Amino acid sequence: LCLEISARRQRQTCERASSWRIQEAEQKKKKKRKKKVVNREEEEEEGREFEVEHRVGSGDGEPAEPEAEIGHRVEDLWEVAEPQLSPSEKLNSCFEDIPVASFPSTHPSQVIEIPSDASLAETVEILSKNKILSAPIRNVEAPEEASWMDKYIGIVEFAGIAMWLLSQSDVAANGKAGSPAGSPVANLAARLGSFTFRRTSSGRVETTDAESDEAASVGGSYFETLTSSELYKNTKVGDISGSFRWAPFLALQTSDTFLTMLLLLSKYRMKSLPVVEVGGDKIENIITQSSVVHMLAECVGLPWFESWGTKKLSELGLPIMKPSNLVKVNEDQPVLKAFQLMREKGVGGLPVMDTSGAKAIGNISIRDVQYLLTAPKIYKEHRSITTKDFLTAVRNLLQEQHELSPLLHDVITCKTGDTIKDIILKLDSAKISRIYVVDDKGNTEGVITLRDIISKLVHEPRHYFGDFFDGVVPLPQNSTVNSTCL
């Protein structure tokens, strides 16, 4: 599949490079070269190097953030963009001219990989220790000289592991094939009891009764039993790759553009994107939604950013979701219900509401499922783990361990009169992925996510991806990809 995707990308990139686009790019290059010559001459007269003027920093001699360099590169392109283009079209044009190879790289030693022969227990420990939500699975059977397509077999996530374990206990409890008496699955089911899931026609996983909290209510010892089981300790992560995944393993090439990357992280709902060299044998970088928003935070003050960032949320149509469609849980509902809803609705987090159902008292994100797997003992005395119990127990644990976490903060909120720049700075400062919109009384009426912000930065040109996503990912309702190709 990766090979086919790579071939399609190369073909469609060539098709998009029409003659008018080439001519436009050449005109931009000429203008940029002329501008750089003028700047260089001015700097030489002042006895300074050309690069100094374009280096972004704090103004007190500190080195620039790499992300800020991207901002200045966009600024250069913005200034020479065709005057007849709208601001939105200008941004698209700028980001289409910057390759993803320019995005600040994660140091190779910081690209965390999970070997395919690691157990689920070992995988959870690696993810938790490195404070990451997911990681690529490296095929240990692939030869050293193998390309990245053969070397990586998928992505593993906290949520995927948790839901796979729960589904296996259900398989065994209902006497389905593949779980003979005495097997790790059957032994686990005997200790845990039944926990029933079903799949919808779209492939989503749901509880047997989505409205019933009883199916999601489990005792405080449930996860301690789960994480001490043979199934958890002995099942290899390579054996479950592809199970309960949120998104396909889709890699960018270093020659792909920022526009492609931004569209995949927003409209096409990718959480993170590995970056590889054509014909390479390793992952060069991993670009996430949060790293893009951090890049935007570093661009504050630049004219191109200010022309967009000073717009109010209401002007940009944010929040996108209507209050009646906000996915949420009440504080007295089982915590497992929260994670089930995230899986069912395809969201990365949700608010925990007070008893009135009007105000948010906390937030639970999909990454917080790690605390059900890494610290099961903290719930042992609870007869049933409610969302409020979960938040309280995890906060106490984090305080004891002196760890920083968004779970320790009060719910961060905003109003529709705030600017998109305000939201970006809040999200980046607090290292969170969502902010809740409240009215004048403090009642929760919406949510804005990292994906929402990126989606307002660029738009998808008509037929931009052609048939690239044919059978690869579910398409958004407003996709411009030709439906006849699906």
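Bear in mind that the values here come from a model prediction, so they are computed numbers and not experimental data.

1. Comments concerning unusual backbone geometry
Then, in step 1: The residue after Leu318, namely Pro319, is reached through a cis peptide bond having omega 0°.
Then, in step 2: By the secondary structure assignment, Pro319 is in the loop between helix H14 (303-309) and strand S9 (329-330).
Then, in step 3: The phi angle at Lys131 is positive, at roughly 55°, despite the residue not being glycine.
Then, in step 4: Secondary-structure assignment places Lys131 in the loop between helix H6 (120-129) and strand S2 (134-138).
Then, in step 5: Classification of Lys131 as exposed rests on a relative accessible area of 57%.
Then, in step 6: At His402, a position not held by glycine, the phi torsion is positive, near 55°.
Then, in step 7: Tracing the backbone shows His402 in the loop between helix H17 (387-400) and strand S12 (413-414).
Then, in step 8: A residue is classified by how much of its surface remains accessible, and His402, at 73% relative accessible area, is exposed.

2. Structural notes on the packing of helix H13 (residues 289-297) against helix H18 (residues 420-430)
Then, in step 1: Relative to each other, H13 and H18 sit at 120°, their axes nearing to 9 Å. Classified by the angle their axes make, H13 and H18 are oblique. The element H13 and its partner H18 pack so that their crossing is left-handed. Contacts between H13 and H18 involve Val293, His294, Leu296 and Ala297 from the first element and Ile424, Leu425 and Asp428 from the second.
Then, in step 2: Of the residues assigned to the contact of H13 with H18, the class counts are 5 nonpolar, 1 polar and 1 charged.

3. Observations regarding the pairing of strand S3 (residues 152-157)
Then, in step 1: Extensive coverage of S3 is indicated by the burial of 5 of its 6 residues.
Then, in step 2: In this sheet, S3 lies alongside S2 in antiparallel orientation, the contact comprising 5 bridges. In the sheet register, Arg138 faces S3, and the bridge partner there is Tyr152.

Basis of the calculations
Residues numbered from 1 in each chain as written. Predicted model: local features only at pLDDT ≥ 70, side-chain atom pairs only at ≥ 80, totals over all residues. Heavy atoms only, no water. Helix = DSSP H or I, 4+ residues; strand = E, 2+ residues; numbered from the N terminus. Buried < 20%, exposed > 50% of the residue type's maximum accessible area, 1.4 Å probe, protein only. Axes fitted to C-alpha atoms, helices over the stretch in contact; angles between N-to-C directions. Parallel < 35°, antiparallel > 145°, perpendicular 65-115°, else oblique. Left-handed = near helix turned anticlockwise from the far one by under 90°. Contact = heavy atoms within 4.5 Å. Nonpolar A, V, L, I, M, F, W, Y, C, P; charged D, E, K, R; others polar. Pairing = 2+ DSSP bridges.

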